[in-house]
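Chain by chain, the residues:
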Amino acid sequence: MVKPLQIQQFKDYLERKRLRFTQERQLILEQAFALKNHFRADDLLFQMIGNGYKTSKATIYRTLPLLVQSGLLTEIIDAQNQTMYEPVQGDIRQHAHLICVRCSQIIEFRDSEIEVIQQTICASHRFQPLKYRHEILGYCAQCAL
Ligand SMILES: [Zn+2]
Ligand SMILES: [Zn+2]
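We now turn to the structure provided with this report. These numbers were taken from a predicted model, which means no experiment stands behind them. (Residues numbered from 1 in each chain as written. Chains lettered and ligands numbered in written order. Predicted model: local features only at pLDDT ≥ 70, side-chain atom pairs only at ≥ 80, totals over all residues. Heavy atoms only, no water.)

Here's the deal with the sheet that holds strand E4 (residues 106-109)
Adjacent strands of a sheet form backbone hydrogen bonds with each other and so pair up, either parallel or antiparallel.
Moving on, step 1. Strand order in the open sheet formed by 3 strands is E4-E3-E5, and the pairing between neighbours is mixed. Strand pairing shows two members of the sheet lacking a second neighbour, E4 and strand E5 (135-138), which therefore form its edges. Strand-to-strand twist of the sheet, defined as the mean angle between neighbouring strand axes without regard to direction, takes the value 20°.
Moving on, step 2. Here 4 bridges tie strand E3 (residues 96-100) to E4, and the two strands are oriented antiparallel to one another. Along E4, the bridge assignment pairs His-97 with Glu-108. (Pairing = 2+ DSSP bridges. Helix = DSSP H or I, 4+ residues; strand = E, 2+ residues; numbered from the N terminus. Axes fitted to C-alpha atoms, helices over the stretch in contact; angles between N-to-C directions.)

See the structure below:
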């Protein structure tokens, strides 16, 4: 469930961008946070239609990038090179993904060593990281048999 603070975060972002905070945009935010962890734009569209809301594919495709830019959703590129989204919840540390190319399951992991190495690499290039996206494609334990 989306928290009032997160709705405020979206409002603030839209205000900074001089965009309107519409009911439809708020609804898309709420519905995105009600979905399973990793979802596609179409999953959101089908859920909203299923729940009886009027929205369009175009509106959803326009709104999702705004939610990413406001820091409420993160993007993952899956095995089919499609963008998936995931609500940013509680833990501020980002996690990485193992993506099975056969069954499409996504396994999340965190590793502090990887984070340290990335910071060292960025520092050595005097590169200022904003965020990292880490995806490993392959076969999960069931599919590798
Ligand atoms: Zn698999
Ligand atoms: Zn994830």
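Some remarks on the packing of helix H1 (residues 4-16) against helix H2 (residues 23-33)
Moving on, step 1. Where H1 meets H2, the closest approach of the two axes is 11 Å, and the angle between their N-to-C directions is 140°. Relative to H2, H1 is oriented oblique. H1 and H2 meet at a crossing whose hand is right-handed. In contact with Gln-6, Ile-7, Phe-10 and Leu-14 of H1, H2 contributes Arg-25, Gln-26, Leu-29, Glu-30 and Phe-33.
Moving on, step 2. For the contact of H1 with H2, the class distribution of residues is 5 nonpolar, 2 polar and 2 charged. (Parallel < 35°, antiparallel > 145°, perpendicular 65-115°, else oblique. Left-handed = near helix turned anticlockwise from the far one by under 90°. Contact = heavy atoms within 4.5 Å. Nonpolar A, V, L, I, M, F, W, Y, C, P; charged D, E, K, R; others polar.)

Considering the packing of aromatic side chains
Moving on, step 1. Evaluation of the coordinates by the stated rule reveals 2 aromatic pairs.
Moving on, step 2. Note on Phe-10 and Phe-21: the rings are 6.3 Å apart at their centroids and 80° apart in plane angle, and the pair reads as edge-to-face. Taken as a pair, Phe-10 in helix H1 and Phe-21 in the loop between H1 and H2 lie far apart in primary sequence, 11 residues in all.
Moving on, step 3. Centroid distance Phe-39 to Tyr-85: 6.0 Å. Interplanar angle 35°. Geometry classified as tilted. Here Tyr-85 lies in strand E2 (residues 83-87) and Phe-39 lies in the loop between H2 and helix H3 (41-50), a separation of 46 residues in the sequence. (Phe/Tyr/Trp six-rings, centres within 6.5 Å; stacked < 30°, edge-to-face > 60°.)

Structural notes on the packing of H3 against helix H4 (residues 57-69)
Moving on, step 1. Running from N to C, H3 and H4 point in directions that differ by 130°, and their axes come no closer than 10 Å. Between H3 and H4, the interaxial angle falls into the category oblique. The two elements H3 and H4 cross, and the hand of that crossing is right-handed. Contacts between H3 and H4 involve Ala-41, Asp-42, Leu-44, Leu-45 and Met-48 from the first element and Lys-57, Ile-60, Tyr-61 and Leu-64 from the second.
Moving on, step 2. Of the residues assigned to the contact of H3 with H4, the class counts are 7 nonpolar, no polar and 2 charged.

Examining the coordination of the zinc ion (ligand 2)
Moving on, step 1. Those protein atoms acting as donors to the zinc ion (ligand 2) are His-38 (NE2), Glu-86 (OE), Glu-86 (OE), His-95 (NE2), His-97 (NE2) and Glu-108 (OE), and they sit at 2.0 to 2.5 Å.
Moving on, step 2. Geometry at the zinc ion (ligand 2) is irregular, judged from the 6 donor atoms that bind it and their angles of 55 to 170° at the metal.
Moving on, step 3. In primary-sequence terms, the residues that donate to the zinc ion (ligand 2) follow H-x47-E-x8-H-x1-H-x10-E. With a gap of 13 residues between them, His-95 in the loop between E2 and E3 and Glu-108 in strand E4 connect regions that are remote in the sequence.
Moving on, step 4. Residue classification places Glu-108 among the partly exposed residues on the basis of a relative accessible area of 34%. (Donors = N, O, S within 2.8 Å, 3.2 Å for Na, K, Ca; no water. Tetrahedral: all angles 85-135°; square planar, octahedral: opposite > 155°, others 65-115°. Buried < 20%, exposed > 50% of the residue type's maximum accessible area, 1.4 Å probe, protein only.)

Keep in mind these values describe shape, not function.
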